[in-house]
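Each chain, written out:
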Amino acid sequence: MITPAFPLTAPFRIDQFMVAPQAMTALFFVQGGLAIAIHWAGVQGRTKLWRAAVALLLLLILVFFTLGSWGTSDTTRFSHYLEWDPDRAPPELLWRLLRPLLLWLPYRMAMVHGLEVSGYAAAAILLSSLWRARPWAGWWALVLTCSPMLRGFMQNAHSRQALALLLLLPLLLHGARLVRLDRRWLVLGTLLSALSHNTFVLNLPISLLPWLQRLPELSTAMRDRFARLRWHDLRHRWPDLRRRWPVVLALLVLLALFMIVAPIAWGRLQDYSQDEYFNQYPLTRRVGRLQWALAFGLLLACLQRRLDPRQLLACPLTQMLAVFGLLYIGIQQSIIYLWLPQVTCRVADGVALFLLIFYFAWLDRYRAHWCLLPVMYMTFQYWLEGRLLVSGALECGLDDNFLCLPDRWPWQVRY
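Computed from a prediction, not measured in an experiment: that's the story for all the values here. (Residues numbered from 1 in each chain as written. Predicted model: local features only at pLDDT ≥ 70, side-chain atom pairs only at ≥ 80, totals over all residues. Heavy atoms only, no water.)

This part is about helix H20 (residues 348–365). Between its terminal C-alpha atoms H20 stretches 26 Å, which fits the 26 Å expected from 18 residues at 1.5 Å a residue. Within H20, 17 of the 18 residues are buried, which leaves it mostly tucked inside the rest of the structure. Just past H20, the residue arginine 367 takes up positive phi, approximately 50 degrees. (Helix = DSSP H or I, 4+ residues; strand = E, 2+ residues; numbered from the N terminus. Expected span 1.5 Å × (residues − 1). Buried < 20%, exposed > 50% of the residue type's maximum accessible area, 1.4 Å probe, protein only.)

Tallied over the full model, the rule gives 18 aromatic pairs. Taking the centre distance of 5.9 Å and the plane angle of 40 degrees together, the rings of phenylalanine 65 and phenylalanine 402 count as tilted. Taken together, the positions of phenylalanine 65 in helix H2 (residues 47–68) and phenylalanine 402 in the loop between helix H21 (373–388) and strand S2 (405–406) put the pair 337 residues apart, joining distant regions of the chain. For the pair shown, phenylalanine 65 and phenylalanine 402 are each scored as buried. Relative to tryptophan 411, the ring of tryptophan 409 lies with its centre 5.7 Å away and its plane at 5 degrees, an arrangement referred to as stacked. Accessibility expressed as a relative area gives 55% for tryptophan 409, which makes it exposed. By the ring-pair criterion, three or more aromatic residues cluster together here, those being Phe28, Phe64, Phe65, Trp139, Phe380, Tyr382, Trp383 and Phe402. The residue whose ring lies beneath arginine 108 is tyrosine 415, and the NZ or CZ to ring-centre distance is 3.8 Å. The ring centre of tryptophan 50 lies 4.5 Å from the NZ or CZ of arginine 134, which sits over that ring. (Phe/Tyr/Trp six-rings, centres within 6.5 Å; stacked < 30°, edge-to-face > 60°. Lys NZ or Arg CZ within 6 Å of the ring centre and 35° of its normal.)

Attention now goes to the side chain of serine 118. Position of serine 118 relative to the elements: it lies in helix H6 (residues 109–130). Excluding its chain neighbours within four sequence positions, the residues that come into contact with serine 118 are Leu58, Ile61 and Leu62. (Contact = heavy atoms within 4.5 Å.)

Now for helix H16 (residues 285–305). With 21 residues, H16 extends 30 Å from end C-alpha to end C-alpha; this agrees with the ideal 30 Å at 1.5 Å per step. Those residues of H16 that fall on the buried side of the exposure criterion are Val287, Leu290, Ala293, Leu294, Gly297 and Ala301. On an axial view of H16, the arc spanned by its buried residues comes to 110 degrees, and they lie on one face. Those residues of H16 that are exposed and aimed more than 90 degrees away from the buried face are Arg285, Trp292 and Leu303. In this fold, the buried residues of H16 make contact with helix H18 (316–336), H20 and H21. In the stretch just after H16, arginine 306 is the one whose phi turns positive, near 50 degrees. (Arc of directions from axis to C-beta.)

Between H16 and H20, the least distance of the axes is 11 Å, while the angle of their chain directions is 15 degrees. The angle between H16 and H20 falls in the class roughly parallel. Between H16 and H20 lies a crossing of left-handed hand. For the pair formed by H16 and H20, the contact residues are Ala293, Leu294, Gly297, Leu298, Ala301 and Cys302 on the first element and Leu355, Leu356, Tyr359, Trp362 and Leu363 on the second. In terms of residue class, the contact of H16 with H20 is made up of ten nonpolar, one polar and no charged. (Axes fitted to C-alpha atoms, helices over the stretch in contact; angles between N-to-C directions. Parallel < 35°, antiparallel > 145°, perpendicular 65-115°, else oblique. Left-handed = near helix turned anticlockwise from the far one by under 90°. Nonpolar A, V, L, I, M, F, W, Y, C, P; charged D, E, K, R; others polar.)

Next up on the list: the nonpolar core. Judged by nonpolar contacts, the single largest core of 94 residues is most densely connected at Phe64, Tyr120, Phe324, Phe358, Trp362, Leu372 and Trp383. Dropping the residues within four chain positions of it, tyrosine 120 is found in contact with Leu144, Phe153, Met154, Ala162, Leu165, Leu166 and Leu353. Tyr81, Leu94, Trp95 and Leu195 belong to the second-largest nonpolar core, a separate cluster that totals 13 residues. (Core = buried A, V, L, I, M, F, W, Y, C linked by side-chain atoms within 4.5 Å.)

Right under this line is the structure:
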């Protein structure tokens, strides 16, 4: 039962807030110092120091975003509903299964968000290690977690959507041949994503876009396999087929789950289309400047490497970078001209995530990592001037804002 003191509309909490711009700014500068240490350790080949700095950076990102997301609407209301009104808690199956654990977490959904953001940072660091770009691990992590293009995911605590998309990242990377993964992990990630948020039906096609480049190859392989298949050989191949039953079972479960989730998700998308609310984060000046910085970095890399236009157009990474860049611009136009902005604004952060991942991969492919500097400058300038240094003027308790911090220890919070 909902307690009478809990408001039914945002802002959802009217106390237990504070601002600490100096402390949070100092914490952010420590993260930047760790990124410098990671860069130096990577260049010098100091593996133990590199790993220690990476672990500390991930821990600070966890603390920073756990505290920073305390004052946002989703974090506040779901932390309350988990205990007092489970029917209004996150409706997806994954969150219902995790409910007992979430109730024990310090700051509840705020810490969930901190864990997810640190997961995004860990993904960037892991990719840098796999691609032998270890010096840039810290910078990639900070560019990803601090990007104004990912403001909804990182700074407005859209935790369920962020987790759903993070779980689809392996599918995108495998399809683009950036990372080789076992199919079982791809199926597991897709299943968990479907259980995380109903925007799965929108995010899945977006994450499958790199697979379109492989259609000719996949169709040829399937045709050759069926051409070689003889029914009398199945008896000899039966032991091999039996060993693959987990994959077959997982695919069947995925199909059944999709048939269950799709109608629910379609209903929610219809609700979104009828809703008058939509955010305009992709239209901010900071995002526009960052887009110009991305383009400028690409231009610098092309000039340094003297890349031929034909060579660029034939590169699969360039093609995917162009696809996601144009897709993000299309989302911006849909918000400007009101073409279902209630729906498109909810996939903007996901498209931006994939765009940045392909940007990192493109710079790595042409060994032009330093061309990330314009993007780093615009990202960190936005973070310091637009978020941290002005956070002391936030009216915490009268509005729900990122960087409204808890003013007490986790065991002292009243939900």
